[in-house]
Amino acid sequence: DAGVTQSPTHLIKTRGQQVTLRCSPKSGHDTVSWYQQALGQGPQFIFQYYEEEERQRGNFPDRFSGHQFPNYSSELNVNALLLGDSALYLCASSFRLAEGDTQYFGPGTRLTVL
Amino acid sequence: QKEVEQNSGPLSVPEGAIASLNCTYSDRGSQSFFWYRQYSGKSPELIMFIYSNGDKEDGRFTAQLNKASQYVSLLIRDSQPSDSATYLCAAGEGSGNTGKLIFGQGTTLQVKP
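A few points on the structure. (Residues numbered from 1 in each chain as written. Chains lettered and ligands numbered in written order. Predicted model: local features only at pLDDT ≥ 70, side-chain atom pairs only at ≥ 80, totals over all residues. Heavy atoms only, no water.)

**A closer look at the layout of surface pockets**
Rules: Here a cavity is any set of points on a 1 Å grid over the protein atoms alone where a 1.4 Å probe fits but cannot get out, and a pocket is any open set with protein on both sides within 12 Å along at least 5 of 7 lines; a residue lines the site when it has an atom within 4 Å of a point. Grid points are joined across faces, edges and corners, and a volume is the space filled by probe spheres set on the points. Numbering of helices and strands runs from the N terminus; a helix is a DSSP stretch of H or I covering at least four residues, while a strand is a stretch of E covering at least two. In the scheme used here, Gly and all other residues not listed as nonpolar or charged are polar, with Ala, Val, Leu, Ile, Met, Phe, Trp, Tyr, Cys and Pro taken as nonpolar and Asp, Glu, Lys and Arg as charged.
Estimated volume of the largest pocket: approximately 490 Å³. Every residue lining the largest pocket is counted, 22 residues in all, and those nearest its centre are A:Q44, B:Q1, B:K2, B:I102 and B:F103. Every element with two or more residues in the lining of the largest pocket is listed here: strand 5 (44-50) of chain A together with strand 1 (4-6) and strand 10 (101-103) of chain B. Split into classes, the residues belonging to the lining of the largest pocket amount to 7 nonpolar, 10 polar and 5 charged.

Structure, rendered in structure tokens:
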């Protein structure tokens, strides 16, 4: 049973650049949520995609955008990178109709902005 | 702003003891609650979820939920050094499957041999 996968594992960018992170959900899941986790903090919800649409959004600027593909995989795009965007970016997948929307996390992408 | 509060610790317990981790949440509408374990440098791993008031047991882990007090706890029996990690408490926002989990900052648990 394939779990949630993310790529790349690590990424180094400079301020002002743009980045794209990728996620494939766990087999049987149709929903992808993205979180940002700064060092020493809990994950912060960015947004959730279901049926190729953004369903929920957290308190993040429009520089953060995403997409979901017909095979349920998803991308997170961040434009005009700031130093403060350095964090672990986590993708979580779930099955929309599951009770409580239990989410399972991928290994994460560590983004460093210099 | 809806919040989940946890004591950051570290909580230190001897091997074989019971570790008790607690969190409180502010959103009275939350219906689903989760405990994740996160080892240093790794991603969160789901340990347990609980939706109903009372206790839910799974092996050495017991989750407890008290919606009236807006309180969730996790008990780890027979703690092992391998349990040393950060434990994240999360609450689902609102009463439906909104998809948004609100996390606490995590409690660091140290189990000493």
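Anyway, onward from the coordinates.
**Details of the interface of chain B and chain A**
Where we set the bar: Only heavy atoms enter the contact rule, under which two residues are in contact if any of them lie within 4.5 Å. In short, buried area is how much 1.4 Å probe accessible area vanishes from two parts on joining, totalled over both. Under this definition, polar contacts are N or O atom pairs within 3.5 Å; protein pairs additionally need one hydrogen-donor-capable and one acceptor-capable atom, and for neighbouring residues in sequence, both atoms have to be side-chain atoms.
Listed by partner, the interface residues are 20 residues for chain B and 24 residues for chain A. Around 1700 Å² of area is buried between chain B and chain A when both sides are counted, 52% of it from carbon and sulfur atoms. One can count 5 residue pairs in polar contact (both at pLDDT 80 or more) joining chain B with chain A. Those elements that place two or more of their residues in the side of chain B that touches chain A are strand 4 (33-38), strand 5 (45-50) and strand 10 of chain B. No other element matches strand 4 of chain B, which puts 3 residues into the side of chain B that touches chain A.

**Quick notes on the nonpolar core**
Note the threshold: Only buried residues count toward a nonpolar core, which is a set of Ala, Val, Leu, Ile, Met, Phe, Trp, Tyr and Cys residues joined through side-chain atoms within 4.5 Å. Burial classification: accessible surface area is computed with a 1.4 Å probe over protein chains only, and a residue below 20% of its type maximum counts as buried, one above 50% as exposed, and the rest as partly exposed.
The biggest cluster of nonpolar side chains holds 24 residues, and the ones touching the most others in it are B:W35, B:V72, B:L74, B:I76 and B:Y87. Broken down by secondary-structure element, the contributors of at least two residues to this core are strand 3 (19-25), strand 4, strand 5, strand 7 (61-66), strand 8 (71-76), strand 9 (85-92) and strand 11 (107-112) of chain B. Other than its neighbours up to four places away in sequence, B:I76 contacts B:A17, B:I18, B:A19, B:L21, B:R60, B:F61, B:D83, B:Y87 and B:L109. With 20 residues, the next largest nonpolar core counts A:V19, A:I46, A:Y49 and A:F60 among its residues.

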